[in-house]
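Each chain, written out:
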Amino acid sequence: MAIITRRQAIGSAALSATGIALAGTSTAAAAQAAVPAAAPAFAGKHNPKPLRFDPAKLTGLSERLITSHWQNNYQGSVRGLNIIETRLAAAMADPDFPPVAYAGLKREELHRTGSVVLHEYYFDALGGDGKSGGSIKEALDSWFGSFAAWEAEFRRTAMSLAGGSGWCILSYNRYTGSLHNYWAADHMHSPVTGAPLITLDMYEHSFHMDYGSAAAKYVDAFMTNLDWEVVDARYLAAIA
Ligand SMILES: [Fe+2]
């Protein structure tokens with residue numbers, strides 16, 4: 001996903017100031033003036049992030065599965081987010097656009113954003129050898145009593161989503177300063193102030209092609225291919 005640059009932040013601040021200045025005019029007019037269609041927030045220019053590994057070389061996750069997941073589910077969300085952003089801009093240009101319809105667009109914006117981000121964290125942490133290490137291993141060992149205890153709880157959290165959908169997320173919670181395995185029912189369901197370190201996709205599209213309903217085997221395969229250097233780098237960035 002695109003990162004907001006300092007220049008864009010300054011531009012956003014200027015837009016906010018414009019909104020304040022227009023506070024005395026009609027609400028609809030102020031809303032229209034505050035959201036130009038070309039603004040980065042509504043540009044719809046997100047590009048898919050390429051896989052950083054060869055999908056033919058994972059262990060226990062087929063090239064067909066990974067490629068289908070990346071092309072269809074992940075890229076579908078990127079395309080969907082781009083469409084929604086342009087629809088939001090169009091809706092803001094219409095002072096009579098119904099709030100209930102705007103709510104639908106905003107819900108889908110949140111849904112697609114969650115899907116894009118969680119999938120990028122998911123794919124970026126694959127391609128490793130599954131061997132844990134680094135500061136994150138020490139932290140999990142300390143926080144959960146042992147690394148094995150953390151892994152047991154992570155796997156149990158993942159399996160609690162099997163047969164349904166959602167994400168199992170190891171997060172560093174910036175507010176509480178703690179590590180937790182979180183249960184997320186969908187792309188919009190995640191811990192407040194949580195920095196994701198591991199995101200395990202438990203939607204059936206992520207494993208059914210290879211494992212049918214045998215979700216535990218998929219969790220095994222995910223752990224086997226996890227790149228702990230990536231996870232450790234995320235942890236160090238989160239606590240910095
Ligand atoms: Fe997925």
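Given the structure is predicted, the values throughout are model-derived calculations rather than measurements.

Procedures and definitions
- Residues numbered from 1 in each chain as written.
- Predicted model: local features only at pLDDT ≥ 70, side-chain atom pairs only at ≥ 80, totals over all residues.
- Helix = DSSP H or I, 4+ residues; strand = E, 2+ residues; numbered from the N terminus.
- Buried ≥ 20, exposed ≤ 12 C-beta atoms within 10 Å, placed from the backbone.
- Contact = placed C-beta atoms within 7 Å.
- Expected span 1.5 Å × (residues − 1).
- Arc of directions from axis to C-beta.
- Axes fitted to C-alpha atoms, helices over the stretch in contact; angles between N-to-C directions.
- Parallel < 35°, antiparallel > 145°, perpendicular 65-115°, else oblique.
- Nonpolar A, V, L, I, M, F, W, Y, C, P; charged D, E, K, R; others polar.

(A) The overall build of the protein, seen in detail. The number of helices and strands found in the protein is 9 helices and 3 strands. Listing each helix as α and each strand as β along the protein from the N terminus yields α-α-α-α-α-α-β-β-β-α-α-α. A buried classification covers 25% of the 240 residues belonging to the protein. For the protein, the share of sequence-separated contacts (at least 6 apart) that also reach a separation of at least 24 residues comes to 68%.

(B) Up close: unusual backbone geometry. Residue Thr-193 is not a glycine yet carries a positive backbone phi of 60 degrees. Its location among the elements puts Thr-193 in the loop between strand S2 (178-184) and strand S3 (194-201).

(C) Spotlight on the environment of Gly-133. Following the sequence through the fold, Gly-133 ends up in the loop between helix H4 (99-124) and helix H5 (134-144). Overall, Gly-133 belongs to the exposed group, with 11 C-beta atoms counted inside 10 Å. Spatially, the C-alpha atom of Gly-133 lies 9.3 Å from that of Val-231, the residues being 98 residues apart in sequence.

(D) Region of interest: helix H9 (residues 228-239). Between its first and last C-alpha, H9 extends 16 Å over 12 residues, near the 16 Å set by a 1.5 Å rise per residue. When H9 is considered as a whole, its buried residues turn out to be Val-231, Arg-234 and Tyr-235. Viewed end-on, H9 has its buried residues packed into an arc of 100 degrees, placing them on one side of the element. On its buried side, H9 packs onto H5, strand S1 (167-173) and S3.

(E) Structural detail: the environment of His-111. Within the element layout of this structure, His-111 appears in helix H4. Since 17 C-beta atoms lie within 10 Å of it, His-111 is described here as partly exposed. Separated by 34 residues in the primary sequence, His-111 and Ser-77 place their C-alpha atoms 8.8 Å from one another. Excluding residues that lie within four positions of it along the chain, His-111 makes contacts with His-187 and Met-188.

(F) Highlighting the packing of H5 against H9. Put simply, H5 and H9 touch, their axes get as near as 7 Å, and they point 75 degrees apart. As the angle between them shows, H5 and H9 are arranged roughly perpendicular. Contacts between H5 and H9 involve Gly-134, Ser-135, Ile-136 and Ala-139 from the first element and Trp-228, Glu-229, Val-231, Asp-232, Tyr-235 and Leu-236 from the second. Residue composition of the contact of H5 with H9, by class: 6 nonpolar, 2 polar and 2 charged.

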